[in-house]
Amino acid sequence: MNISRRDLIKMAGVAGGILIGGDAKAENASFPPSTDDAPGVLMDTTICIGCRKCEWNCNQANKLSLEEMSVFEDKSVFKTHRRPTEKAFTTINVFENPENTEKPFYIKIQCMHCIKPACVSACIVGALQKSKEGPVTYDAAKCMGCRYCMVACPFQIPAYEYSDAFSPEVRKCGFCFDRITKEGKKPACVEICPNEALTFGKRKELVELAYSKIHQNPVRYFHHLYGEHEAGGTSWMYLSALDFAKTELPSLDSKPIPEFTEKIQHGIFKAFIPPIALYGLLGLIMYSFRASDDKEGERNDV
Ligand code: SF4
Ligand code: SF4
Ligand code: SF4
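Scope of this entry: the structure provided in the associated data block. (Residues numbered from 1 in each chain as written. Chains lettered and ligands numbered in written order. Predicted model: local features only at pLDDT ≥ 70, side-chain atom pairs only at ≥ 80, totals over all residues. Heavy atoms only, no water.)

**Some points on the overall build of the protein chain**
- Within the protein chain, the secondary structure is distributed over nine helices and nine strands.
- Looking at the protein chain as a whole, 49% of its 302 residues qualify as buried.
- Taking contacts inside the protein chain between residues at least 6 apart in sequence as the whole, the part at least 24 apart equals 65%.
- In the form shown here, the protein chain has an accessible surface area of approximately 14900 Å², with 53% of it arising from carbon and sulfur atoms. (Helix = DSSP H or I, 4+ residues; strand = E, 2+ residues; numbered from the N terminus. Buried < 20%, exposed > 50% of the residue type's maximum accessible area, 1.4 Å probe, protein only. Contact = heavy atoms within 4.5 Å. Areas by Shrake-Rupley, 256 points an atom, 1.4 Å probe, with all protein chains shown as cover.)

**Side note on the sheet that holds strand E1 (residues 39–44)**
- The three strands lie next to each other as E8-E1-E9, forming an open sheet whose pairing is mixed. Each having just a single partner strand, strand E8 (198–202) and strand E9 (236–239) make up the two edges of the open sheet. Ignoring which end each strand starts from, the neighbouring axes of this sheet average 25 degrees apart. (Pairing = 2+ DSSP bridges. Axes fitted to C-alpha atoms, helices over the stretch in contact; angles between N-to-C directions.)

**Quick look at the side chain of Arg179**
- Within the secondary structure layout, Arg179 lies in helix H5 (residues 177–181).
- Arg179 gets classed as buried once you look at its relative accessible area, which sits at 15%.
- Sequence-distant contacts of Arg179, that is, excluding residues within four places in its chain, are made with Gly184, Lys185, Lys186, Pro187, Ala188 and Glu191.

**Description of the site of ligand 2**
- As a structural note, the neighbourhood of ligand 2 is formed by 13 residues, with Cys123, Cys143, Cys146, Arg147 and Cys149 the closest of them.
- The residue makeup of the shell around ligand 2, split by class, is 11 nonpolar, one polar and one charged. (Near = heavy atom within 4 Å. Nonpolar A, V, L, I, M, F, W, Y, C, P; charged D, E, K, R; others polar.)

**Let's talk about unusual backbone geometry**
- The phi dihedral of Arg52 is positive, around 70 degrees, even though this residue is not glycine.
- Position of Arg52 among the secondary structure elements: in the loop between E1 and helix H2 (53–61).

**Structural notes on the site of ligand 3**
- Around ligand 3, the surrounding shell consists of Cys48, Ile49, Gly50, Cys51, Arg52, Cys54, Ile92, Cys193, Pro194 and Leu198.
- Residue composition of the shell around ligand 3, by class: eight nonpolar, one polar and one charged.

**Quick word on the nonpolar core**
- Ranked by size, the top nonpolar core spans 46 residues in total, and within it Met112, Phe155, Leu198, Tyr226, Trp236, Tyr238 and Leu249 carry the most contacts.
- At the level of elements, E1, H2, strand E2 (91–95), strand E3 (105–109), helix H3 (118–122), helix H4 (148–152), helix H6 (188–192) and E9 are the ones that each hand at least two residues to this core.
- The greatest single-element share of this core, amounting to four residues, is contributed by E3.
- Sequence-distant contacts of Leu249, defined by excluding residues within four places in its chain, comprise Ile107, Ile109, Tyr226, Tyr238 and Phe244.
- Listed in part, the 11 residues of the second largest apolar core include Phe31, Ala127, Leu128 and Val136. (Core = buried A, V, L, I, M, F, W, Y, C linked by side-chain atoms within 4.5 Å.)

**A few points about the pattern of salt bridges**
- Tallied over the full model, the rule gives 11 salt bridges.
- When the shortest N-O distance is used, the salt bridge between Arg52 and Glu55 registers 3.2 Å. Accessibility classification places Arg52 together with Glu55 in one group, the buried group.
- Among the salt bridges present, the one from Glu55 reaches Arg82, with a minimum N-O distance of 2.6 Å. Within this pair, whereas Glu55 is found in helix H2, its partner Arg82 is found in the loop between H2 and E2, the two being separated by 27 residues in sequence. For the pair Glu55 and Arg82, a shared accessibility class is recorded, and that class is buried.
- Through salt bridges that share partners, Arg52, Glu55 and Arg82 make up one connected network. (Salt bridge = Lys/Arg side-chain N within 4 Å of Asp/Glu carboxyl O.)

**A closer look at the pairing of E2**
- Among the five residues that make up E2, five are buried, leaving the element largely enclosed by the rest of the structure.
- Residues Thr91, Asn93 and Phe95 line one face of E2 and the alternating positions Ile92 and Val94 line the opposite face, and both faces are buried.
- Examined bridge by bridge, E2 and E3 share five bridges and lie antiparallel to one another. Looking across to E3, one finds that Ile92 is bridged to Lys108.

**As for the environment of Glu67**
- Counting through the fold element by element, Glu67 comes out in the loop between H2 and E2.
- Considered as a pair, Glu67 and Trp56 are 11 residues apart in the sequence and their alpha carbons are 9.8 Å apart.

**Focus: helix H7 (residues 203–216)**
- When the terminal C-alpha atoms of H7 are compared, their 20 Å separation across 14 residues agrees well with the 20 Å that a helix rising 1.5 Å per residue should span.
- Of the residues making up H7, those classed as buried are Arg203, Leu206, Val207, Ala210 and Ile214. Take H7 and look down its axis: the buried residues cluster within an arc of 105 degrees, on one side only. Away from its buried face, by an angle of more than 90 degrees, H7 presents the exposed residues His215 and Gln216.
- Tucked inside the fold, the buried residues of H7 contact E1, E8 and E9. (Expected span 1.5 Å × (residues − 1). Arc of directions from axis to C-beta.)

**Some points on the environment of Cys193**
- Checked against the element boundaries, Cys193 lands in the loop between H6 and E8.
- For the pair Cys193 and Lys53, spaced 140 residues apart in sequence, the C-alpha separation works out to 6.6 Å.

The analysis is restricted to geometry; functional conclusions fall outside its scope.
Below you can see the structure in the form of structure tokens.
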């Protein structure tokens, strides 16, 4: 039986409605309003050379292991599409250039720091927060390890420290919060990029920059700024030469995903839904968002 994404969303909506006892007035998760000064990064995938220095500097800045990062020239890592893990918050993956197989395109994957983050909406104890400055932050002291955030994220970003038996944490890119909000620096990955494939700045200005690039060079770019509207908008945005459907970025509409997940969360308290059922419901919602485009990458199983 074929079930369309629309059907799945409807089913999830119905399930959410049942959980909240038909209460259509469930509050919306409140996120700080995105300001004109909110930070963002624009990745121009047509410029990236796949040097992986951004990966290395991310690990360095976050005091993560550098062992597996020592050989940047090792292109064998591109044989598989890697996902961010608890040991590496960002990865560069390759995707084919149909016009020049000698010169593939590269794409950087990390937390998108969504404007209305589903992970925050799914976190019932407030361990994940959308800060007023823009980055989505994590407080390990509040985290109860439920991993709902991992199921809710449409970009499959949060990773879990399964290897730590005593105090496992959820790990993801923090947008170099201290560097960009207190030290006036760029994120570590942006700072080291030798080709200016990554531009850090005010999100609003990055949107203008992206459209001016497209207009100045309409042949070079696919006419779509990924992240401007997807899932309600993200802080990280992308330009590409190819249709984004040919990359590993998921095809998402502009509706913020918390509108679905928060209904489920409200239902937890009203109906005492056991976690396994909640995983199922959140999973159903996220599957519906990913079903058409989940081509690559291995997810850390919840
Ligand atoms: S990409 Fe995922 S983890 Fe990052 S802010 Fe968005 S929902 Fe949260
Ligand atoms: S695992 Fe994720 S959703 Fe659960 S408490 Fe921790 S941060 Fe929140
Ligand atoms: S440092 Fe810049 S050019 Fe190198 S892989 Fe990262 S984004 Fe691409």
